[in-house]
Amino acid sequence: MVQPLSLEGHTPVAQGLQRAVYLHPTDDTKLIKVLLPQPETHNRSAFGNWAERTFPSLRSRHVRKEYLEYLRVMLANQAPEFQPPISHMYGFVATDQGLGCLTEKVIGEADHLAVTLQQLLNENQLTNAHLDMLNTTITRLYDLNIRASDLKPRNFVFGKRHEAGTLGAVKCVMIDGFGDIHAIPVRSMSRWTNHIGLDDSCNRMARGSLVWNAKARQFSASPPLS
């Protein structure tokens, strides 16, 4: 029997409404996302918590949809040099905190985690170079017809990826929020319906310090960067 990977005493490096994210204790190229116990997801809506208690399979639905989308994109683009604009996923591992999802670690400065778009906006550190990288990623989401249902600034990071055994240049990567998680999977019906969904998600993400140009399908800053 395989011994569960021990995360006891490890502090999560990030935490969302449903999952805690840990550094992999023996592999510095990977992160481990672990579903939080249902009672600990107290920041969710009352309806969301009720739905998960009533229909337990909803607890894993997001993970299933995320993996299905990653598999779809990778199977459609099998060239060895292909790098998706979403984070790589590497399967599952048993941990003492629950079943862990292995995912790519995008590297920031001094080997720390990559900085999120949300952090850059909060600290007024967004540059034109960041915007160019973000818009490149957005363009690729459309070109590859990636179903991304949760476009939020915290789900985009800027950092280096491992490419052929070495770190590449800094890029913008979507690390969470992909997959058609809606009850009625409209985005999966066609390229046209998915692009309508992406348009809406990008417009929602722009509320605040970003401006969304629907015609060009690109972001700019508000106010403009010097």
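Please refer to the structure higher up on the page.
Since the model is a prediction, treat every value here as computed from it, not as a measurement.

Criteria and cut-off values
- The written sequence of each chain sets the order in which its residues are numbered from 1.
- Only residues with pLDDT of 70 or above have their local features reported here, since the model is predicted, and side-chain atom pairs are shown and tallied only from 80 upward, although totals for entire chains, interfaces and linings are computed over all residues.
- Hydrogens and waters are ignored; side-chain quantities use all the structure's heavy atoms.
- Any two rings among Phe, Tyr and Trp, with Trp reduced to its six-membered ring, count as a pair given centres within 6.5 Å; such a pair is stacked if its planes are under 30 degrees apart, edge-to-face if over 60, and tilted if neither.
- The rule is simple: take the accessible area with a 1.4 Å probe, protein chains only, and divide by the maximum for that residue type; under 20% is buried, over 50% is exposed, in between is partly exposed.
- Definition used: whenever NZ (Lys) or CZ (Arg) falls within 6 Å of the ring centre and also within 35 degrees of the ring normal, the charge is taken to sit over that ring.
- By definition, a salt bridge exists where a carboxyl oxygen of Asp or Glu is found within 4 Å of a side-chain nitrogen of Lys or Arg.
- Each helix is a run of DSSP H or I of at least 4 residues and each strand a run of E of at least 2, with the numbering of both proceeding from the N terminus.
- Strands pair, by our definition, only if DSSP identifies at least two bridges between them.

Visitor: Can you explain the packing of aromatic side chains? Please cite residues and give values.
Guide: Within this structure, the stated rule accounts for 2 aromatic pairs. Taking 4.7 Å as the distance between ring centres and 50° as the angle between the ring planes, the aromatic pair formed by Trp212 and Phe219 counts as tilted. For Trp212, a relative accessible area of 11% translates into the label buried. Of the residues examined, Phe219 reaches a relative accessible area of 5% and is grouped as buried. When the ring centre of Tyr90 is taken as origin, the NZ or CZ atom of Lys30, which lies over that ring, is 4.7 Å away.

Visitor: Got a sec to walk through the pattern of salt bridges? Specific residues and values, please.
Guide: Summed over all chains, the structure comprises 10 salt bridges. For Glu66, the salt bridge is made with Arg19, and the minimal N-O distance between the two is 3.2 Å. Of the two residues, Glu66 sits in helix H2 (residues 58-76) while Arg19 sits in strand E2 (residues 19-23), which places them 47 residues apart along the sequence. The exposure class of Arg19 is buried, given its relative accessible area of 7%. Notably, a salt bridge pairs Asp199 with Arg217, separated by 3.0 Å at the nearest N-O pair. You can see Asp199 sitting in helix H5 (residues 191-205) and its partner Arg217 sitting in the loop between strand E9 (210-213) and strand E10 (218-221), a full 18 residues away along the chain. Overall, the relative accessible area of 22% leaves Asp199 in the partly exposed class. We classify Arg217 as partly exposed; its relative accessible area is 27%.

Visitor: If you had to explain the sheet that holds strand E3 (residues 30-35) to someone new, which residues and values would you point to?
Guide: Strand order across the open sheet formed by 5 strands is E1-E2-E3-E5-E4, with antiparallel pairing between neighbours. Of all the strands in the sheet, just strand E1 (14-15) and strand E4 (89-95) have a single pairing partner and so form its edges. Of the pairings in the sheet, the one linking E4 to strand E5 (residues 98-104) comprises 5 bridges and is antiparallel in character. Paired with Phe92 across the bridge in E5 is Cys101.

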